[in-house]
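Letter by letter, the chains look like this.
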Amino acid sequence: MEDIEKKNAPEYVRVVPAVDIMEGDGEYVIVADMPGVAAGDLTIHLDHEDLLVEGRQALAGDAGVAPLMFARSFHVPGEVRPDGIDASMKDGVLSITLRKGEDARPRRIEVKAG
Amino acid sequence: MLALWRNDLGSALDLFDRMRREMDRLSWDLDAGFTGMPRVTLAEKDDEIVVRAEVPGFAQKDLEISLDRGVLVIRGERKKEEKEDRKVLHRERGSLAFSHSCTLPCKVDGAGATASLKDGVMEIRLPKAEEEKPRRIAVASA
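Below: a short report on this structure. (Residues numbered from 1 in each chain as written. Chains lettered and ligands numbered in written order. Predicted model: local features only at pLDDT ≥ 70, side-chain atom pairs only at ≥ 80, totals over all residues. Heavy atoms only, no water.)

**Considering the overall build of chain B**
Stage number 1. Broken down by element type, chain B carries one helix and nine strands.
Stage number 2. What you see in chain B, going N to C, is helices and strands ordered as α-β-β-β-β-β-β-β-β-β.
Stage number 3. Relative to its full complement of 142 residues, chain B shows a buried share of 30%.
Stage number 4. Counting contacts in chain B only where the partners sit at least 6 residues apart, residues at least 24 apart contribute 55% of the total.
Stage number 5. Summed over its atoms, the accessible surface of chain B is roughly 10100 Å², and 52% of this surface lies on carbon and sulfur atoms. (Helix = DSSP H or I, 4+ residues; strand = E, 2+ residues; numbered from the N terminus. Buried < 20%, exposed > 50% of the residue type's maximum accessible area, 1.4 Å probe, protein only. Contact = heavy atoms within 4.5 Å. Areas by Shrake-Rupley, 256 points an atom, 1.4 Å probe, with all protein chains shown as cover.)

**Concerning the sheet that holds strand β4 (residues 63-68) of chain B**
Residue and element names in this part refer to chain B.
Stage number 1. Taken in spatial order, the three strands line up as β4-β5-β7 in an open sheet, and their pairing is antiparallel. Both outer strands of the open sheet, β4 and β7 (97-103), are each paired with one neighbouring strand and no more. Across the sheet, the axes of successive neighbouring strands diverge by a mean angle of 15°, strand direction being ignored.
Stage number 2. Looking at chain direction, strand β5 (residues 71-77) and β7 are connected through seven bridges and run antiparallel. Counted as the bridge partner of glycine 76 is phenylalanine 98 from β7. (Pairing = 2+ DSSP bridges. Axes fitted to C-alpha atoms, helices over the stretch in contact; angles between N-to-C directions.)

**Topic: the sheet that holds strand β3 (residues 27-33) of chain A**
Stage number 1. Ordered in space as β7(A)-β8(A)-β3(A)-β2(A)-β6(B), the five strands form an open sheet in which the pairing is antiparallel. A single partner strand is all that each edge strand has here, and the edge strands are β7 (80-90) of chain A together with β6 (87-91) of chain B. The average angle at which neighbouring strand axes cross in this sheet is 15°, direction not considered.
Stage number 2. Pairing analysis gives six bridges linking strand β2 (residues 19-24) of chain A to β3(A), with the strands arranged antiparallel. Residue pairing across strands places Gly24(A) opposite Glu27(A), the latter belonging to β3(A).

**Describing the pairing of strand β2 (residues 40-44) of chain B**
Walk down a regular strand and you will see the side chains alternate between the two sheet faces.
Residues and elements named next belong to chain B.
Stage number 1. Here β2 shows a buried face lined by Thr41 and Ala43 and an unburied face lined by Val40, Leu42 and Glu44.
Stage number 2. Pairing of β2 with strand β3 (residues 48-54) involves five bridges; the strand directions are antiparallel. Across the sheet, glutamate 44 pairs through a bridge with isoleucine 49, a residue of β3.
Stage number 3. A loop of three residues connects β2 with β3, the two strands running antiparallel in sequence.

**Some points on the nonpolar core**
Stage number 1. Ile30(A), Met34(A), Leu51(A), Leu94(A), Ile96(A) and Leu98(A) are the most contacted members of the largest nonpolar core, which totals 21 residues.
Stage number 2. Going through the elements one at a time, β2, β3, β5 (50-56), β6 (68-75), β7 and β8 (93-100) of chain A are the ones with two or more residues in this core.
Stage number 3. Ignoring any residue separated from it by four or fewer positions in sequence, one finds Leu94(A) in contact with Ile30(A), Val31(A), Ala32(A), Met34(A), Leu42(A), Ile44(A), Val53(A), Ala87(A), Ser88(A) and Met89(A).
Stage number 4. Ranked by size, the runner-up nonpolar core spans 16 residues in total, among them Ile49(B), Leu72(B), Cys102(B) and Leu104(B). (Core = buried A, V, L, I, M, F, W, Y, C linked by side-chain atoms within 4.5 Å.)

**Observations regarding the packing of aromatic side chains**
Stage number 1. Per the stated rule, a full pass over the model turns up one aromatic pair over all chains.
Stage number 2. It is Lys100(A) that lies over the ring of Tyr28(A); its NZ or CZ is 4.8 Å from the centre. (Phe/Tyr/Trp six-rings, centres within 6.5 Å; stacked < 30°, edge-to-face > 60°. Lys NZ or Arg CZ within 6 Å of the ring centre and 35° of its normal.)

Written as structure tokens, this is what we have:
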């Protein structure tokens, strides 16, 4: 990972993508603008409660601009199931859905009689 | 036995406190800035002008390009795609419509212009008008 970064570091301009965050019934949705990033050039990594998102633009060819590397991290609420995270990419927009787990919802704990 | 019970209760309380804090919502780092503005760049080649515009979330049908007296105008309008039942916790992404104009550095052949869109990046290629192209003068052999 570090080797890749070192190799590519001089070529990319690191930026923070603009995001919207929504909450729906049973899920959170993160939407991030990452123009020029193909699905294959995107990495999403969940490290404990930190969700790290990184996407590299395809080299712009002869358009004469430095490619961008979009990077951002999010703190994910503990109620999100680690296996309940999905991502999709369309027209340079990344959508990440984080589903809340059943066990994080308010629940009643029974007190047993001694 | 009693000590074990206390430990269990202690961690249960910890968990509740954590849950309450985390239910507060997602947090995010804001240590680096972003502009939210689409990046548009123009490059002049020998025989063409290449304009590259970053237009995430805009489909081909949402974009319009016009050329009038040396000014290129890119307009975009996208539909709101959010579901009604979702609550917005945080918003940074740009508006649903934009207009960007740029003055071209030379005359172009508008009829020969092409535009392509891939992964939210539009590339417009405008061939230079004949009189603007660098001329090669052939040396006739004697």
